[in-house]
Number of protein chains: 2
Amino acid sequence: MEKELETIFAQQKLRITRPRREIFRVLQQSQAPLSASMINTHCTTADRTSVYRTLELFHRLSIIKSVQFGWRQRYELADPFKIHHHHLSCTQCGRLIDLQSPEIENLVNVVASQNNFVVTDHTFEIRGLCQDCR
Amino acid sequence: MEKELETIFAQQKLRITRPRREIFRVLQQSQAPLSASMINTHCTTADRTSVYRTLELFHRLSIIKSVQFGWRQRYELADPFKIHHHHLSCTQCGRLIDLQSPEIENLVNVVASQNNFVVTDHTFEIRGLCQDCR
DNA sequence: CATCTTATTGCAACAAATTTGCAATAAGAA
DNA sequence: TTCTTATTGCAAATTTGTTGCAATAAGATG
Ligand SMILES: [Mn+2]
Ligand SMILES: [Mn+2]
Ligand SMILES: [Zn+2]
Ligand SMILES: [Zn+2]
């Protein structure tokens, strides 16, 4: 995956720097999606400003995607860097269950082509109460 | 719908006030989801603080739901006040296409029960390029 | 309609989150 | 190693969201 990063950056004038590496690693090592400030505290070298700038860059390059986490926004690695999946999220205890569903992926394509849309990304999330909290 | 609001508020000590009415109307008249600050600027009387407080209240009462819009968070009326739907959103021109899909609704229930989840809410969004921008 | 209770508001003051300008730094090409 | 310039860190400015509290006004009551 480190190699993939290089490939993406190599093409046009983008540089693989220390902050970018660190932020990527933080995201990579995390199970759950992280907020900007969580990423910031997990970074020992990268500056707060760099976190924001890097997140925006990563998002533009589709390296990460933002997911709605409760009332706020969090980030996690996107498709090429993590197996594509969606979330069931418990609004009570915060528990996150990863979900893979061919049906959804299929539906995305069907719906998109029906609307003459070129898909670059999609989100699907179920919120509710988990087994333990119901 | 104004009547529905009353019904909800009447039950327990909640009052229908000017700011609340205004914010509800702003949301109601908007095609696309709005951010807190957009709502704020659309309100002539309601104060910024009231916007936040009302948004939280409305959310607690399931009058609105928050949707992921591009990079940030926005709000729109929820099911009883607007027909349940999802979005195809063009990352180029910002165009939003409403989508209703029985398949998705069905899938939500199937997946949830498979995971012993009680669904309270769900989101589905397709991002990409619209007909005009592709 | 006048009165009374108290939920709700606006405002000012805070606190947190995000953005911006710019000189110093360091990728990475040559 | 040298050179170009993308990127960083830092400080300052904005923007966004929160909190305490006295003033206001729903709406219940008579
Ligand atoms: Mn996940
Ligand atoms: Mn819509
Ligand atoms: Zn739970
Ligand atoms: Zn478009």
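Note that the structure is a prediction, hence the values are computed from the model and not measured.

**Points about the coordination of the zinc ion (ligand 3)**
Stage number 1. Protein coordination at the zinc ion (ligand 3): the donors are Cys90 of chain A (SG), Cys93 of chain A (SG), Cys130 of chain A (SG) and Cys133 of chain A (SG), at 2.2 to 2.5 Å from the metal.
Stage number 2. Here the zinc ion (ligand 3) is ringed by four donor atoms whose angles at the metal span 100 to 116°, and the overall shape comes out tetrahedral.

**Here's the deal with the relation of the copies chain B and chain A**
Stage number 1. Superposition of chain B onto chain A requires a rotation of 177° combined with a translation of 0.1 Å along the rotation axis, giving an RMSD of 0.6 Å. The symmetry that links the two subunits is that of a two-fold axis. For chain B, the smallest separation between a C-alpha atom and the rotation axis is recorded for Phe124 of chain B, amounting to 2.2 Å.
Stage number 2. Both copies contact each other with a shared surface, as 98% of the interface residues of chain B are interface residues in chain A too.

**Notes on the interface of chain B and chain A**
Stage number 1. Between chain B and chain A, the contact holds 40 residues from the first and 41 residues from the second.
Stage number 2. Summed over both sides, the interface between chain B and chain A buries roughly 3700 Å², with carbon and sulfur atoms accounting for 61% of that surface.
Stage number 3. Between Arg127 of chain A and Asp121 of chain B there is a salt bridge whose closest N-O contact spans 2.9 Å.
Stage number 4. Put simply, chain B and chain A have 14 residue pairs in polar contact (both at pLDDT 80 or more) between them.
Stage number 5. Elements with a contribution of two residues or more to the side of chain B that touches chain A: helix 4 (48-60), strand 1 (64-69), strand 2 (72-77), strand 3 (86-90), strand 4 (96-99), helix 5 (102-114) and strand 5 (118-129) of chain B.
Stage number 6. Considering each element in turn, the side of chain B that touches chain A owes the most residues, 12 residues, to strand 5 of chain B.

**Focus: the coordination of the manganese ion (ligand 1)**
Residues and elements named next belong to chain A.
Stage number 1. Protein-derived ligands of the manganese ion (ligand 1) are His85 (NE2), His87 (NE2) and Asp98 (OD), with the metal-ligand distances lying across 2.2 to 2.7 Å.
Stage number 2. Mapped onto the sequence, the donors of the manganese ion (ligand 1) take the spacing H-x1-H-x10-D. Pair noted here: His87 is in strand 3 (residues 86-90) and Asp98 is in strand 4 (residues 96-99), with a separation of 11 residues, a long-range link.
Stage number 3. On the basis of relative accessible area, His87 is assigned to the buried category, the value being 7%.

**Some words on the pairing of strand 1 (residues 64-69) of chain A**
Residue and element names in this part refer to chain A.
Stage number 1. Strand 1 sits mainly inside the fold: six of its six residues count as buried.
Stage number 2. Residues Ile64, Ser66 and Gln68 point to one face of strand 1 and Lys65, Val67 and Phe69 to the other, with burial holding for every one of them.
Stage number 3. Bridging between strand 1 and strand 2 (residues 72-77) involves six bridges; their strand directions are antiparallel. Bridge assignment links Ser66 to a residue of strand 2, and that residue is Tyr75.
Stage number 4. Between strand 1 and strand 2, which follow one another and run antiparallel, lie two residues, and Gly70 among them has a positive phi close to 60°.

**Overview of the environment of Gly94 of chain B**
Residue and element names in this part refer to chain B.
Stage number 1. With respect to the element layout, Gly94 can be found in the loop between strand 3 and strand 4.
Stage number 2. On the basis of relative accessible area, Gly94 is assigned to the partly exposed category, the value being 38%.
Stage number 3. When the C-alpha positions of Gly94 and Gly128 are compared, they lie 9.9 Å apart, and in sequence the two are 34 residues distant.

**Topic: the domain arrangement of chain A**
Residue and element names in this part refer to chain A.
Stage number 1. Per the domain assignment, the segments of chain A are domain 1 (2-77) and domain 2 (86-128).
Stage number 2. The gap between the C-alpha centroids of domain 1 and domain 2 is 22 Å.
Stage number 3. Counting residues at the interface gives six residues for domain 1 and six residues for domain 2.
Stage number 4. Where domain 1 abuts domain 2, roughly 540 Å² becomes buried across the two surfaces, and 50% of that area is made up of carbon and sulfur atoms.
Stage number 5. Its largest share of buried area at the contact with domain 2, domain 1 owes to Lys65, Gln68 and Phe69, together 59% of the area lost on that side.
Stage number 6. At the boundary of domain 1 with domain 2, the tally comes to zero salt bridges.
Stage number 7. Where domain 1 touches domain 2, the interface holds zero residue pairs in polar contact (both at pLDDT 80 or more).
Stage number 8. The leading source of residues in the side of domain 1 that touches domain 2 is strand 1, at three residues.

**Side note on the packing of aromatic side chains**
Stage number 1. Applying the stated rule across the entire model yields seven aromatic pairs over all chains.
Stage number 2. Look at Phe124 of chain A and Phe124 of chain B: their rings are 6.1 Å apart centre to centre, the planes differ by 75°, and that puts the pair in the edge-to-face class. On the criterion of chain membership, the pair formed by Phe124 of chain A in strand 5 (residues 118-129) and Phe124 of chain B in strand 5 is interchain, its members lying in two chains.
Stage number 3. Overall, the relative accessible area of 4% leaves Phe124 of chain B in the buried class.
Stage number 4. Judged by centre distance (5.5 Å) and plane angle (80°), the ring pair of Phe24 of chain B and Phe81 of chain B falls under edge-to-face. You can see Phe24 of chain B sitting in helix 2 (residues 18-29) and its partner Phe81 of chain B sitting in the loop between strand 2 and strand 3, a full 57 residues away along the chain.
Stage number 5. A residue is classified by how much of its surface remains accessible, and Phe24 of chain B, at 2% relative accessible area, is buried.

What counts and how
- Residues numbered from 1 in each chain as written.
- Chains lettered and ligands numbered in written order.
- Predicted model: local features only at pLDDT ≥ 70, side-chain atom pairs only at ≥ 80, totals over all residues.
- Heavy atoms only, no water.
- Donors = N, O, S within 2.8 Å, 3.2 Å for Na, K, Ca; no water.
- Tetrahedral: all angles 85-135°; square planar, octahedral: opposite > 155°, others 65-115°.
- Least-squares fit on C-alpha atoms with pLDDT ≥ 70 in both.
- Contact = heavy atoms within 4.5 Å.
- Buried area = accessible area lost by both parts, 1.4 Å probe.
- Salt bridge = Lys/Arg side-chain N within 4 Å of Asp/Glu carboxyl O.
- Polar contact = N/O pair within 3.5 Å; in protein donor to acceptor, adjacent residues only side chain to side chain.
- Helix = DSSP H or I, 4+ residues; strand = E, 2+ residues; numbered from the N terminus.
- Buried < 20%, exposed > 50% of the residue type's maximum accessible area, 1.4 Å probe, protein only.
- Pairing = 2+ DSSP bridges.
- Domains from an automatic or database assignment.
- Phe/Tyr/Trp six-rings, centres within 6.5 Å; stacked < 30°, edge-to-face > 60°.

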